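Each chain, written out:
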Amino acid sequence: MTRILYTLRGKDEGRPFSPHSWKVLMALSHKGLDFVERPTPFTAIPALENGFSKTVPILRDGEVLVADSFDIALYLEEAYPDRPSLFGGEGGKALSRFVERFSQSTIHPAVTAIAVSDIHDMLEDEDQRYFRRTRETFLGRTLEEMRTGREAAIAAFAPKLEPLRQMLSYQPFLGGGGPLFADYILFGALQWLRITTGADVFNSDDPVRDWFERCLDLHQELGRRVTAA
Ligand SMILES: N[C@@H](CCC(=O)N[C@@H](CS)C(=O)NCC(=O)O)C(=O)O
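What counts, and where the lines are drawn
Residues numbered from 1 in each chain as written. Predicted model: local features only at pLDDT ≥ 70, side-chain atom pairs only at ≥ 80, totals over all residues. Heavy atoms only, no water. Axes fitted to C-alpha atoms, helices over the stretch in contact; angles between N-to-C directions. Helix = DSSP H or I, 4+ residues; strand = E, 2+ residues; numbered from the N terminus. Parallel < 35°, antiparallel > 145°, perpendicular 65-115°, else oblique. Left-handed = near helix turned anticlockwise from the far one by under 90°. Contact = heavy atoms within 4.5 Å. Nonpolar A, V, L, I, M, F, W, Y, C, P; charged D, E, K, R; others polar. Expected span 1.5 Å × (residues − 1). Bend = angle between axes of the 7 residues up to and from the residue. Domains from an automatic or database assignment. Buried area = accessible area lost by both parts, 1.4 Å probe. Salt bridge = Lys/Arg side-chain N within 4 Å of Asp/Glu carboxyl O. Near = heavy atom within 4 Å. Polar contact = N/O pair within 3.5 Å; in protein donor to acceptor, adjacent residues only side chain to side chain. Areas by Shrake-Rupley, 256 points an atom, 1.4 Å probe, with all protein chains shown as cover.

Enquirer: Which parts of the structure should I look at to understand the packing of helix α1 (residues 19–30) against helix α9 (residues 207–221)?
Expert: Packed helices, taken two at a time, are described by the angle between their axes plus the distance between the axes. Relative orientation of the contacting elements α1 and α9 amounts to 50°, with a least axis distance of 10 Å. Here α1 is positioned oblique relative to α9, judged by the angle of their axes. Read as a crossing pair, α1 and α9 show a hand that is left-handed. Along its contact with α1, which presents Met26, Ser29 and His30, the element α9 presents Cys215, Leu218 and His219. Split by residue class, the contact of α1 with α9 holds 3 nonpolar, 3 polar and no charged.

Written as structure tokens, this is what we have:
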């Protein structure tokens, strides 16, 4: 059976950077499932799997197609119940939704403020045009204007993770003693920042930095296979 994960690529196929795809790369590895990764440029996504989804990640698992990182994690949990759990039960699924919304509403805009012009520069020409047009419309500012706010955005980043920082004084992962999908959600956002900018947003003694390093170590250092920008 062929299991394919479609992810996102820029000029360099070996540097997939999509945060949502990283959540699923980690989830598949957590479940111990083999897969083939197909990094895809932005402008080629709509043609994947006969137009199945406008966004990646998309998972093909034999005859099954699933889009959306959270839905893919739920699918994997249901389809492979005998493999290590991604949620630790129904309560874990519900609580992971909070982590996903926190990441999406607070952390993703903070990463975008730092990384958006760097992401543009990583893309092939056609994707650069698409990315500039869609992101400038969404943000209401040019990429150049966004770049002028980059240093301030770096300084403002670490405090946004204060709830995680305080939680880490009780336990090493959001999942408790070990990682769960909730960890991979926030990991995906920080891995996106690491691969696209390499921006050093945490003090050297920040527990969040230590947690992120622990996440980079997981699954035979899957996250480290792509170096920081
Ligand atoms: N809710 C979706 C969001 C997926 C998403 O936004 N993916 C981005 C890449 S990180 C994408 O494919 N964007 C396509 C585009 O902007 O055209 C998920 O969790 O998978």
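Enquirer: Can you help me understand helix α3 (residues 90–122) in this one?
Expert: For α3, built from 33 residues, the straight-helix expectation of 48 Å at 1.5 Å per residue is missed by more than 12%, its first-to-last C-alpha distance being only 39 Å. Considering bend angle alone, the principal kink of α3 is centred on Ala115 and spans about 60°.

Enquirer: For this particular structure, what's the right way to read the domain arrangement of the chain?
Expert: You'll often see interface size given as the accessible area lost when the parts meet. Split into domains, the chain comes out as domain 1 (4–79) and domain 2 (90–223). Relative placement of domain 1 and domain 2: their C-alpha centres are 18 Å apart. Taking both partners together, domain 1 and domain 2 bury about 2,600 Å²; carbon and sulfur atoms supply 71% of that area. Inspection of the domain 1/domain 2 interface yields 1 salt bridge.

Enquirer: How should I be thinking about the site of the ligand in this particular structure?
Expert: If you check the shell around the ligand, you find 14 residues, and the closest are Val56, Asp68, Ser69, Tyr130 and Arg135. At a separation of 2.8 Å, a nitrogen atom of the ligand approaches a polar backbone atom of Val56. The side chain of Arg135 places a nitrogen or oxygen atom 3.0 Å from an oxygen atom of the ligand. In the complex, 80% of the free accessible area of the ligand, which totals 510 Å², lies under the protein chains. Of all elements in the fold, only α1 and α4 (125–139) reach the threshold of two or more residues within the shell around the ligand. Residue composition of the shell around the ligand, grouped by class: 7 nonpolar, 4 polar and 3 charged.

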